[in-house]
Amino acid sequence: MKRLVLAFAALWLTAAPAFAQGSPVVVELFTSQGCSSCPPADEILHELAKRDDVIALALHVDYWDYIGWKDEFADPAHAERQRAYARVAGRRSIYTPQMIVNGKTDIVGAKPMKLMEAIAAHKANAPRATVALTRSGDTITIDARRLDPTVGPMDVMMLRYTPERESRISRGENAGKTITYANVTQGLTMVGKWDGREALTLTAQAPGDAPVAVLLQASGTGPIHAAAALD
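The text that follows walks through the structure, step by step, so that each part is easy to find. What you see is a predicted model; the values in this text were computed from it and never measured.

## Focus: the layout of surface pockets
Gaps between atoms show up when a probe of the same size as a water molecule is rolled over them.
Right, so step 1: Taken as a whole, the largest pocket holds about 370 Å³ of empty space.
Right, so step 2: Looking at the largest pocket, it is lined by 19 residues, and the ones nearest its centre are N102, H122, N125, A126 and I224.
Right, so step 3: Within the residue set of the lining of the largest pocket, elements represented by two or more residues are strand 1 (25-31), helix 4 (112-124) and strand 11 (224-230).
Right, so step 4: When residues of the lining of the largest pocket are assigned to their parent elements, the largest contribution, four residues, is made by strand 11.
Right, so step 5: Class assignment for the residues of the lining of the largest pocket results in nine nonpolar, seven polar and three charged.
Right, so step 6: Within this model, the second largest pocket holds a volume of roughly 310 Å³.
Right, so step 7: Elements represented by at least two residues in the lining of the second largest pocket include exactly strand 2 (54-60), strand 7 (154-168), strand 8 (178-194) and strand 11.

## Overview of the pattern of salt bridges
Right, so step 1: Applying the stated criterion across every chain, the model contains nine salt bridges.
Right, so step 2: Taking the shortest distance from any N to any O, the salt bridge between R87 and E80 comes out at 3.1 Å.
Right, so step 3: On the basis of relative accessibility, which here comes to 36%, the residue E80 falls in the partly exposed class.
Right, so step 4: R91 serves as the salt-bridge partner of D106, at 3.6 Å between the closest nitrogen and oxygen. Placement of the pair is D106 in strand 4 (residues 105-108) and R91 in the loop between helix 3 (76-89) and strand 3 (98-101), with a sequence separation of 15 residues.
Right, so step 5: Overlapping salt bridges, with partners in common, bring together E80, R83 and R87 in one network.

## A word on helix 3
Right, so step 1: If you check helix 3, its first and last C-alpha atoms are 20 Å apart, about what 14 residues at 1.5 Å a residue would give, namely 20 Å.
Right, so step 2: Restricting attention to buried positions, one finds in helix 3 the residues H78, A79, R81, Q82, A84, Y85 and A86.
Right, so step 3: The opening residue of helix 3, the one whose side-chain oxygen lies 2.8 Å from the backbone nitrogen of A77, is D75.
Right, so step 4: Of the residues flanking the end of helix 3, it is G90, one or two places downstream, whose phi is positive at about 80°.

## Considerations on the side chain of D155
Right, so step 1: Checked against the element boundaries, D155 lands in strand 7.
Right, so step 2: What makes D155 buried here is its relative accessible area of 10%.
Right, so step 3: A polar atom in the side chain of D155 sits 3.1 Å from the side chain of S219.
Right, so step 4: Discounting chain neighbours no more than four positions away, the residues touching D155 are M190, G192, K193, L215, L216, Q217, S219 and G220.

## Side note on the nonpolar core
Right, so step 1: Judged by nonpolar contacts, the single largest core of 21 residues is most densely connected at V131, L133, I142, V156 and L216.
Right, so step 2: If you list the elements that add at least two residues to this core, you get strand 5 (129-136), strand 6 (139-146), strand 7, strand 9 (200-205), strand 10 (212-218) and strand 11.
Right, so step 3: For V131, the contacting residues outside a window of four places in its chain are I142, D143, A144, V214, L216, A226, A227 and A228.
Right, so step 4: Formed by 18 residues, the second largest nonpolar core is a distinct cluster that contains F30, L59, Y63 and A227.

Conventions adopted
Residues numbered from 1 in each chain as written. Predicted model: local features only at pLDDT ≥ 70, side-chain atom pairs only at ≥ 80, totals over all residues. Heavy atoms only, no water. 1 Å grid on protein atoms, 1.4 Å probe; cavity = no way out; pocket = protein on both sides within 12 Å on 5 of 7 lines; lining within 4 Å. Points joined across faces, edges and corners; volume = space filled by probe spheres on them. Helix = DSSP H or I, 4+ residues; strand = E, 2+ residues; numbered from the N terminus. Nonpolar A, V, L, I, M, F, W, Y, C, P; charged D, E, K, R; others polar. Salt bridge = Lys/Arg side-chain N within 4 Å of Asp/Glu carboxyl O. Buried < 20%, exposed > 50% of the residue type's maximum accessible area, 1.4 Å probe, protein only. Expected span 1.5 Å × (residues − 1). Polar contact = N/O pair within 3.5 Å; in protein donor to acceptor, adjacent residues only side chain to side chain. Contact = heavy atoms within 4.5 Å. Core = buried A, V, L, I, M, F, W, Y, C linked by side-chain atoms within 4.5 Å.

None of the figures reported here should be taken as evidence of function without further support.
Next comes the structure, spelled out in structure tokens:
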């Protein structure tokens with residue numbers, strides 16, 4: 001029965017809605033190799049990463065490392081970002097697996113139906129800003145403009161991600177499992193601030209050939225108004 005549900009979820013997750021246009025929806029999964037309930041959410045993100053209208057990101061956290069397995073892809077900055085989301089939402093704790101959709105909607109655990117409803121709801125909203133990326137060697141040029149005059153200051157966040165990474169886990173709650181992770185995120189950093197009043201053009205360095213994503217996020221870890229990715 002579980003396999004049937006996952007197969008149905010995979011079909012639904014990879015089917016983009018008819019109105020899938022404009023800025024892609026950002027889905028951040030806070031996950032850990034030391035979390036026994038995370039593999040189903042990791043699998044969901046793997047399917048979601050196939051969609052062009054979604055930027056699916058796996059942000060591995062380190063706060064489960066103490067229970068027997070150190071997550072190879074964890075970054076303390078990811079846990080801090082998750083804590084920032086919790087503070088904004090008035091939550092007292094953080095947990096895995098958790099998905100945050102467009103910096104706003106909280107999905108607890110591996111719940112594909114709720115996730116798809118959240119993605120559809122965000123896609124239905126009128127775009128509030130646009131962002132486009134171009135690459136020249138190691139330099140990424142970011143061009144953005146505001147569409148909604150009520151949108152206030154934004155942080156320009158840039159990150160790199162690896163489309164697929166495999167890990168054989170020998171200790172901890174997932175001991176004995178070999179798991180393939182999608183869009184493993186690293187190097188999340190703020191490359192600029194933007195008040196939105198004038199069109200934005202800025203450059204940032206991104207050495208190597210790993211894909212790049214840029215998020216225009218309301219300052220203070222608020223909603224994500226626009227995003228773009230460059231393979």
